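Here is what each chain is made of, one letter per residue.
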Amino acid sequence: MEFAVFVTLPGLVVLLTVIAFADQVLRLTGRGKRGGQVSSTGFEQLHATFSQGKQNELKERQSALVLRDAEEDGAPPHHSTVDLTSGRAVIRLP
């Protein structure tokens, strides 16, 4: 019978609220050794169920985690120089 309550939407919200409260209590008492919050994931998924914009945001966040972030992205080529103090840029084409 308890399972049937949590299958409904109001029951799911109550369950997520209880899990969020327990998660915060565990983090404050020092028993939770992780840095992030698990409780926010459930609420974001619930929000994404009803909002197309939130679904797009979660997909974009997931794809950003997969992409590589290199320091050289956006930097000028090695044979060109940019001097920010004098406001001068020299671009040498190969």
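Here is a short report on the structure shown in this document. (Residues numbered from 1 in each chain as written. Predicted model: local features only at pLDDT ≥ 70, side-chain atom pairs only at ≥ 80, totals over all residues. Heavy atoms only, no water.)

A few words now on the overall build of the chain. When its secondary structure is counted, the chain shows four helices and two strands. For the chain, the α and β elements follow one another from N to C terminus as α-α-α-α-β-β. Expressed as a percentage of the 94 residues in the chain, the buried residues total 12%. When contacts within the chain are restricted to residue pairs at least 6 apart in sequence, those whose partners lie at least 24 apart make up 18%. As displayed, the chain has an accessible area near 8,100 Å², and 63% of this comes from carbon and sulfur atoms. (Helix = DSSP H or I, 4+ residues; strand = E, 2+ residues; numbered from the N terminus. Buried < 20%, exposed > 50% of the residue type's maximum accessible area, 1.4 Å probe, protein only. Contact = heavy atoms within 4.5 Å. Areas by Shrake-Rupley, 256 points an atom, 1.4 Å probe, with all protein chains shown as cover.)

Any two side chains of opposite charge can pair, on the condition that their charged atoms come close. With the rule as written, the count across this model stands at three salt bridges. Across the pair Glu44 and Arg61 runs a salt bridge whose closest N-O atoms are separated by 3.2 Å. With Glu44 in helix H3 (residues 39-50) and Arg61 in helix H4 (residues 52-66), this pair connects stretches of sequence that are 17 residues apart. The partly exposed category is assigned to Glu44, whose relative accessible area is 23%. For the salt bridge of Glu57 with Lys54, the shortest nitrogen-to-oxygen distance reads 3.7 Å. Of this pair, Glu57 and Lys54 both sit in helix H4, separated by three residues, roughly a single helical turn. Here Glu57 falls in the partly exposed class, since its relative accessible area comes to 38%. Among the charged side chains, a network of salt bridges with common partners joins Glu44, Lys54, Glu57 and Arg61. (Salt bridge = Lys/Arg side-chain N within 4 Å of Asp/Glu carboxyl O.)

Time to look at a nonpolar patch on the surface. A contiguous nonpolar patch, built from Leu9, Leu12, Val13 and Phe50 and spanning about 350 Å² of accessible area, is present on the exposed surface. With three residues, the top contributor of residues to the nonpolar patch is helix H2 (residues 9-29). Mapped onto the elements, Leu12 comes out in helix H2. Judged by its relative accessible area of 31%, Leu12 falls in the partly exposed class. (Patch = residues over 30% accessible without salt bridge, like charges linked within 9 Å, V, L, I, M, F, W, Y side chains within 5 Å.)

It is worth spelling out the side chain of Lys54 at this point. A residue is classified by how much of its surface remains accessible, and Lys54, at 12% relative accessible area, is buried. In contact with Lys54, not counting residues within four places along its chain, are Glu44, His47, Ala48 and Arg61.

So, about H2. Compared with an ideal rise of 1.5 Å per residue, which puts 21 residues at 30 Å, H2 spans 30 Å between its outermost C-alpha atoms and is within 8% of the ideal. N-cap assignment for H2: the residue whose side-chain oxygen lies 3.3 Å from the backbone N of Gly11 is Thr8. Once H2 ends, the next one or two residues include Gly30, with phi positive near 90°. (Expected span 1.5 Å × (residues − 1). Polar contact = N/O pair within 3.5 Å; in protein donor to acceptor, adjacent residues only side chain to side chain.)

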